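Reading the structure
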Amino acid sequence: MANPTTVARGRDSSPSPGRRRNDRAARASGLPVWSIPYVLLVPGLVVIAGLLLYPMVQLGIMSFQKVGLAQIRGTRPAEWVGLDNFDKVLSNDIFWSALRNTVVFAFVAVSLTLIVGTAVGVLLHRLGRKMSLFVVIGCMFAWAVPPVAQGVIWRSLFDAESGIINWALNLVPHWLLSPPDGQESWSGTPWLNDTIPLYIALVVCVVWAGFPFIAVSVLAGLKGIPAELYEAARVDGAGAWRTFRKITLPLLKPVFAVLTILSIIWDFKVFSQLYVLMNGPTNRDGFNLSMYAVAEAFKPPQKLGTGAAISVVLTIILLIITVVYVRQIVKQEEM
């Protein structure tokens with residue numbers, strides 16, 4: 001009788017059908033087996049390079065050049081100016097104001113989006129299947145609205161004369177929430193003219209459109225947590241907050257890490273919603289870095305080199321934040 005160990009070894013040593021197909025494909029193409037996966041990645045890498053890498057390289061080159069309307073038309077070659085564009089940007093008070101607006105807005109918007117999205121995700125997990133599906137579909141309608149349409153919707157809601165926000169505030173008793181000084185009611189309050197009210201409207205707009213993605217992602221993560229853990233927590237007498245802190249949060253750390261990085265990237269480069277709410281680059285005090293780059297590049301006189309330099313600075317800031325955050329996550333996972 002054959003030794004079972006020998007038979008098992010013989011079975012283990014035999015190549016799988018997938019491996020045999022790869023070997024045949026490698027022999028037919030004349031390539032080593034180890035190179036097949038990399039060869040299959042080439043078409044995707046070529047597309048990514050054409051759509052992302054090439055424009056980024058051109059943006060970096062343009063940031064060191066003086067590019068205006070004449071250079072765009074081709075009547076005059078671009079002039080190489082070195083670091084002059086960056087020097088002009090970093091010495092401009094508008095840049096530092098825009099950077100402050102970008103960082104503060106991103107911090108508030110990312111925090112609120114994650115909090116609201118997580119709360120809705122937990123709620124969806126506790127609802128029945130039909131009601132959960134109904135709420136998910138309703139939430140995803142908001143997430144599917146294009147950014148420009150989001151700005152149009154919330155600009156109409158915050159309109160000074162006919163906006164529903166001022167109408168709703170007029171229903172609140174004055175002893176609880178009084179109108180601004182010198183006004184008898186909230187009607188006519190120009191929310192979108194000043195920087196702080198403008199960014200309040202922008203935060204509401206971005207959180208409204210962004211929390212459904214967070215909620216659905218959290219819901220998907222919660223579906224993968226064994227129900228026995230929650231049953232054991234209930235038996236031990238743990239409350240809702242302690243259960244979330246001790247079970248849900250640690251197990252969903254990878255999900256929250258990805259969602260946080262994506263939210264930071266999205267909110268740092270918000271442009272369309274702000275452009276619509278501001279009605280164009282009109283209020284320099286309300287610029288973020290994206291709006292400042294567009295204003296420098298396309299408002300007469302066109303200075304595309306300066307706009308490219310601002311975009312490069314924004315990209316570097318995002319890369320630094322992403323690298324630092326990912327390193328912190330990796331360190332925590334290793335501990």
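Residues numbered from 1 in each chain as written. Predicted model: local features only at pLDDT ≥ 70, side-chain atom pairs only at ≥ 80, totals over all residues. Heavy atoms only, no water.

**Some remarks on the overall build of the chain**
A count of helical and extended segments in the chain gives 16 helices and two strands. Taken over 335 residues, the chain has a buried fraction of 35%. Sequence separation of 24 or more characterises 64% of the internal contacts of the chain that already satisfy a separation of 6 or more. (Helix = DSSP H or I, 4+ residues; strand = E, 2+ residues; numbered from the N terminus. Buried < 20%, exposed > 50% of the residue type's maximum accessible area, 1.4 Å probe, protein only. Contact = heavy atoms within 4.5 Å.)

**Quick look at the nonpolar core**
Ranked by internal contacts, the top residues of the largest apolar core, which has 53 residues, are Phe105, Leu202 and Phe287. A per-element tally of this core places helix α10 (residues 195-223) first, with 11 residues. Here phenylalanine 105 is in contact with Tyr199, Leu202, Val203, Val206, Asp267 and Val270, once residues within four sequence places are set aside. Val120, Leu124, Ala215 and Leu219 belong to the second-largest nonpolar core, a separate cluster that totals seven residues. (Core = buried A, V, L, I, M, F, W, Y, C linked by side-chain atoms within 4.5 Å.)

**A closer look at the environment of valine 110**
Within the secondary structure, valine 110 is located in helix α6 (residues 93-126). Looking at valine 110, the relative accessible area reads 7%, which means it is buried. Distance in space between the C-alpha atoms of valine 110 and valine 203 is 9.2 Å, their sequence separation being 93 residues. Not counting residues up to four positions away in its chain, the partners in contact with valine 110 are Ser263, Ile264 and Asp267.

**Remarks on α6**
Here α6 is 34 residues long and its end C-alpha atoms lie 50 Å apart, about the 50 Å a rise of 1.5 Å per residue gives. The N-cap residue of α6 is asparagine 92: its side-chain oxygen and the backbone nitrogen of isoleucine 94 are 2.9 Å apart. (Expected span 1.5 Å × (residues − 1). Polar contact = N/O pair within 3.5 Å; in protein donor to acceptor, adjacent residues only side chain to side chain.)

**With respect to helix α12 (residues 240-251)**
With 12 residues, α12 extends 16 Å between its outermost C-alpha atoms, agreeing within 8% with the 16 Å of an ideal straight helix rising 1.5 Å per residue. Considered for burial, the residues of α12 that qualify are Thr243, Phe244, Ile247 and Thr248. Down the axis, α12 shows its buried residues gathered within 120 degrees of arc, on one side only. With respect to the buried face of α12, the exposed residues turned more than 90 degrees away are Trp241 and Lys246. Among the structural elements, α6, α10 and α11 (227-235) are those in contact with the buried residues of α12. (Arc of directions from axis to C-beta.)

**Considering the UniProt feature "transmembrane region" (unreviewed entry) in the chain**
Under the UniProt annotation, the feature "transmembrane region" (unreviewed entry) is placed at residues 31-54, 103-124, 131-149, 196-222, 251-268 and 308-326. For residues 131-149, helix accounts for 89% and strand for 0%, while the C-alpha atoms at its two ends are 27 Å apart. Here residues 308-326 runs as 100% helix and 0% strand, with 27 Å between its end C-alpha atoms. (UniProt positions renumbered as here; feature names shortened; annotations may be inferred.)

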